[in-house]
Structure formats: C-alpha cells, structure tokens
Amino acid sequence: MRYSCLHTHSTFCDGQDAIETLCSRAYEKGLLSLGFSSHAPVYRKTGFRTDWHIPEDRFEAYLDAVRLARLRWEGKLQVFLGLEIDYIPGCMGPGDKEYQDLGLDYRIGSVHYVIPPQGAPFTVDDSPEVFARGIREGFSHDPEALMEAYWDAVEGMIRTGGFDILGHADLIKKNNPQGRWFSLESPGYQRRIQGIAETLGASSIVVEVNTGGINRYRIPDTYPSLAMLRRLQAKHVPVIITADAHRAEDLDGHYEEARETLLQAGYTHMVLFQGSSQGRPCWREEALE
Ligand SMILES: [Zn+2]
Ligand SMILES: [Zn+2]
C-alpha cells in the first residue's frame, strides 16, 4: 500500500530539515505525496514568543517555498501546501477567515495550549516540569481540571470548524505516562473521547493517526490511542496516517504500527489526500490490507 505524510515540519518552524531535503527523502521512501504543515505564526494574535512557530516575517517565504517545491517535483511527488494552526480559545483558531484565503491545500487544526483559570497559558506537550507546574499553579493541583480544559478546547475547535484534519487528537496523554495524573480508563476521560467521536461523526473532518509521539518521544502508541480510534470507527470518522515529521528520516516512521492499530480498531480503509478543488479537500479511500 502507498502512504503519504501531510503533517511535516521544516526549518521554517521547528523541523530540522529544509523543504528540498524533505521532498527528496519522501521521494526516495516512495511516498505518494508530501504535505507541509508548518506551525502558523501566533505572535501577532497572542503576543506569545515561541521558537517553534513560523516567525511572522517568514510566513510569505514559507508559502512561496512550498509552492516552488510543488513545481519542482511535479510528476515525481505530489507536494501540498498546508498549515498546522493552533486553536487558542479567545485568541485564534484554524477557523479564522484569514486561513481560508491563503490558497492552502488543507489545514490541520491542533490544540497545544490550554488557558488555565489562573497563571500563564502553557502547552500540554511541553516538558513534564512545565506540565506539572501548569497543574499546580494554573489548575490548583487538579489534573482532572486540566484534562477537561484540554478536551473543551478540542471540542470547541471541532465545533468552530474551518479545518480539514484534526491534529494529534489526544495529545494530552503525552505527559501522562502510566496514568500518572489521570486515568485514561476513567469514566470521565472515556466520556470526553466519546463526545469528541460523536462531534466528529457529524462533521467532515478527517482524523490523523499521528506517529510523531512514537518517533520523537518514545511514547508507546499513536495519537489517538486504540481506544479512541475504536470510538471514531464506530462513528465512521475517516482517518489518515501521518508522521508529524520534524526530520526527513521520520517521514514514514512507525507507519506499519499505525496501520496495525487501525486494523485492530476495526478500520478497513484510510483516506489519501487528492488535492483540493475550489477550496474543498478531495479524499480517496485506500484499503489497509
Ligand atoms: Zn502539533
Ligand atoms: Zn506538528
């Protein structure tokens, strides 16, 4: 079977490799297509200073570089122009009008930030220390409150819409090894992922099965987990395998495990991106076996 990677970071944001290096490696690996999804700039909208989003003054250069790569690789590798856009309640989200007017092939909507009741916003995939401090200072020592805030943001983003692919749906588990802070089996957690599955089932959003946590942090499974994928499958939510690659070598990292997980969850097909027409993404089904 043929794969693609639509979740790819380059040196324009926090990836290690240049656009051309990533295209060459994707071609060598036999990928059908490669989509770039740099982290959309956040500074102008939030005032957050980060080293992992595209700097505001490099944004046009990013769009141009991917468009040029698309021309250079025509006939050999399909290259797509995307963005990974943060949903930050009250500040910005992938549904904002400006992202609809950029001529992007697709948009990934992702929640990294939570806004705690007190203290500074933080990202749930930051270091274990930042995560622990966020629970302590932002959520008054209540990890369940953080978990609920995370899922509230994901739910809010899906309901707002304006994007095509849901990024790393259960990123909140990254800093929760062995259920250190909250149980993924608890009725409260299961109720949240069931709610997300139902909201997605009523949308046209595709969920990525993201191997980035396995590739980069040795977390044991994909985003989303098998348990969540089972719930998504029951609601007929389409899925695509992506690597969330931050270096060329990872462009198809652990894809076979992702495929196995999908089969275990009851999926028989994933989707492949065919490009967009009049601003709407076109997908085709690909059998997993
Ligand atoms: Zn992300
Ligand atoms: Zn990413």
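Residues numbered from 1 in each chain as written. Chains lettered and ligands numbered in written order. Predicted model: local features only at pLDDT ≥ 70, side-chain atom pairs only at ≥ 80, totals over all residues. Heavy atoms only, no water.

Examining the environment of A149
Thought 1: Within the secondary structure, A149 is located in helix α6 (residues 143-160).
Thought 2: Residue class for A149 comes out buried when judged on its relative accessible area of 17%.
Thought 3: Among residues more than four places away in sequence, those in contact with A149 are V114 and F139. (Helix = DSSP H or I, 4+ residues; strand = E, 2+ residues; numbered from the N terminus. Buried < 20%, exposed > 50% of the residue type's maximum accessible area, 1.4 Å probe, protein only. Contact = heavy atoms within 4.5 Å.)

Concerning the pattern of salt bridges
Thought 1: Within this structure, the stated rule accounts for 24 salt bridges.
Thought 2: When the shortest N-O distance is used, the salt bridge between D252 and K29 registers 2.8 Å. Here D252, found in the loop between β9 (239-242) and α10 (255-264), pairs with K29, found in the loop between α1 (19-28) and β2 (33-39); they are 223 residues apart in sequence, far enough to count as distant.
Thought 3: D252 sits in the partly exposed class, given a relative accessible area of 27%.
Thought 4: In this structure K29 comes out as partly exposed when scored by relative accessible area, which is 22%.
Thought 5: A salt bridge links K173 to D170, with the shortest nitrogen-to-oxygen separation between them at 3.0 Å. For the pair K173 and D170, a shared accessibility class is recorded, and that class is buried.
Thought 6: Connected through shared salt-bridge partners, R25, E28, K29, E249 and D252 make up one network. (Salt bridge = Lys/Arg side-chain N within 4 Å of Asp/Glu carboxyl O.)

A short note on the sheet that holds strand β1 (residues 4-5)
Thought 1: Strands sit in the order β1-β2-β3-β4-β7-β8-β9 across an open sheet of seven strands; the sheet is parallel. Looking at the sheet topology across the chains shown, the edges are occupied by β1 and β9.
Thought 2: Where strand β8 (residues 206-210) lies against β9, four bridges are found, and the strand directions are parallel. Bridging from a neighbouring strand, V209 pairs with I241 of β9.
Thought 3: Against the sheet, α10 touches β1, β8 and β9, its axis set at about 160° to β9. (Pairing = 2+ DSSP bridges. Axes fitted to C-alpha atoms, helices over the stretch in contact; angles between N-to-C directions.)

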